[in-house]
Amino acid sequence: AAAASSEMTLTQDRQEALALQAQLAAHGLQVETVPSDGHCLFNAISRQLQHRHGQRLGFKDLRCLVADYLIGHWQDYVDFLDGFAGLSGQERVRAYAHQLRDTSMWGGHVEIQVLATLLRLPIWVYQAGSPEPLCFQNHTAGDLEPLRLL
């Protein structure tokens, strides 16, 4: 039974991967693999910034920019950050920002939104099973070509 379940999961994962590849191909896009090391979001953004915009911001630079922005705008993000129970709002954001800056903590929705704001670029996140990407934008992004993530 365990083997059958494992095979079904692999088949389902493969089908989702093929559907996602077809969705990307329809837009002339292809997957570029980035190691899943906790810095993957920031490395993916860094590569696109360098390739498409000539900007040399490494994953550490991006992490620091996001951490500093969160501290400066803590009231806007405190309710969206997980962890650090028992700390006050501003202390919680500072602890989160410290962890974001100094560890390989994975980035998520909050970090993507902050990056879209700081970079003044839309960021689209494609997901298996979703016909349209999640779009993170700020009001100044206009019609700029988005950075794209999986």
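Look up: the structure comes first, before these words.
Here we summarise the structure given alongside this text.

Rules used throughout
Residues numbered from 1 in each chain as written. Predicted model: local features only at pLDDT ≥ 70, side-chain atom pairs only at ≥ 80, totals over all residues. Heavy atoms only, no water. Helix = DSSP H or I, 4+ residues; strand = E, 2+ residues; numbered from the N terminus. Buried < 20%, exposed > 50% of the residue type's maximum accessible area, 1.4 Å probe, protein only. Contact = heavy atoms within 4.5 Å. Lys, Arg positive; Asp, Glu negative; His and termini not counted. Charge placed at Lys NZ, Arg CZ, Asp CG, Glu CD. Expected span 1.5 Å × (residues − 1). Pairing = 2+ DSSP bridges. Axes fitted to C-alpha atoms, helices over the stretch in contact; angles between N-to-C directions. Phe/Tyr/Trp six-rings, centres within 6.5 Å; stacked < 30°, edge-to-face > 60°. Disulfide = S-S within 2.5 Å.

Turning our eyes to something else, we now look at the overall build of the protein. In terms of helices and strands, the protein carries six helices and three strands. Listed N to C, the secondary structure of the protein is α-α-α-α-α-α-β-β-β in terms of helices and strands. When its C-alpha atoms are laid out on the principal axes, the protein stretches across 50 × 45 × 25 Å. Each of the 150 residues in the protein was classed as buried or not, and the buried ones make up 35%. Nonlocal contacts in the protein, meaning residues at least 24 apart in sequence, comprise 55% of its contacts between residues at least 6 apart. The averaged location of the 16 negative side-chain charges in the protein is 7 Å from the averaged location of its 11 positive side-chain charges.

This part covers helix 5 (residues 89-102). The terminal C-alpha atoms of helix 5, which comprises 14 residues, lie 20 Å apart, in line with the 20 Å expected from a rise of 1.5 Å per residue. For helix 5, every residue scored as buried is listed here: R92, V93, A95, Y96, A97, L100 and R101. The inward-facing, buried residues of helix 5 contact helix 2 (40-53), helix 3 (59-72), helix 4 (74-77) and helix 6 (109-119).

In this section: the sheet that holds strand 1 (residues 123-125). Spatial strand order, 2-1-3: three strands in an open sheet with mixed pairing. One side of each edge strand has no neighbouring strand; the edge strands of this open sheet are strand 2 (134-136) and strand 3 (147-149). Ignoring strand direction, the axes of neighbouring strands in this sheet form an average angle of 20°. By the bridge criterion, three bridges tie strand 1 to strand 2 in an arrangement that is antiparallel. Directly across from I123, in strand 2, lies its bridge partner F136. The strands touched by helix 2 are strand 1 and strand 3; relative to strand 3, the strand with the most contacts, the crossing angle is about 145°.

So, about the packing of aromatic side chains. For the structure shown, the criterion picks out two aromatic pairs. Each ring, one from Y69 and one from Y77, has its centre 6.2 Å from the other, and the planes form 70°; the classification is edge-to-face. Y77 carries the same exposure label as Y69, and that label is buried. An angle of 80° between the planes, with centres 6.5 Å apart, marks the rings of F84 and Y96 as edge-to-face. Pair noted here: F84 is in the loop between helix 4 and helix 5 and Y96 is in helix 5, with a separation of twelve residues, a long-range link. Under the relative-accessibility criterion, F84 is labelled partly exposed at 25%. Judged by its relative accessible area of 9%, Y96 is buried.

It is worth spelling out the state of the cysteines at this point. Here the structure, examined in full by the defined rule, presents zero disulfides. Residue C40 stays outside any disulfide, its sulfur separated by 17 Å from that of C64, the closest cysteine. According to the relative accessible area criterion, C40 is buried, its value standing at 17%. Of all cysteine sulfurs in the structure, the one in C40 sits closest to C135, which takes part in no disulfide; the separation is 20 Å. Overall, C135 belongs to the partly exposed group, its relative accessible area being 47%.

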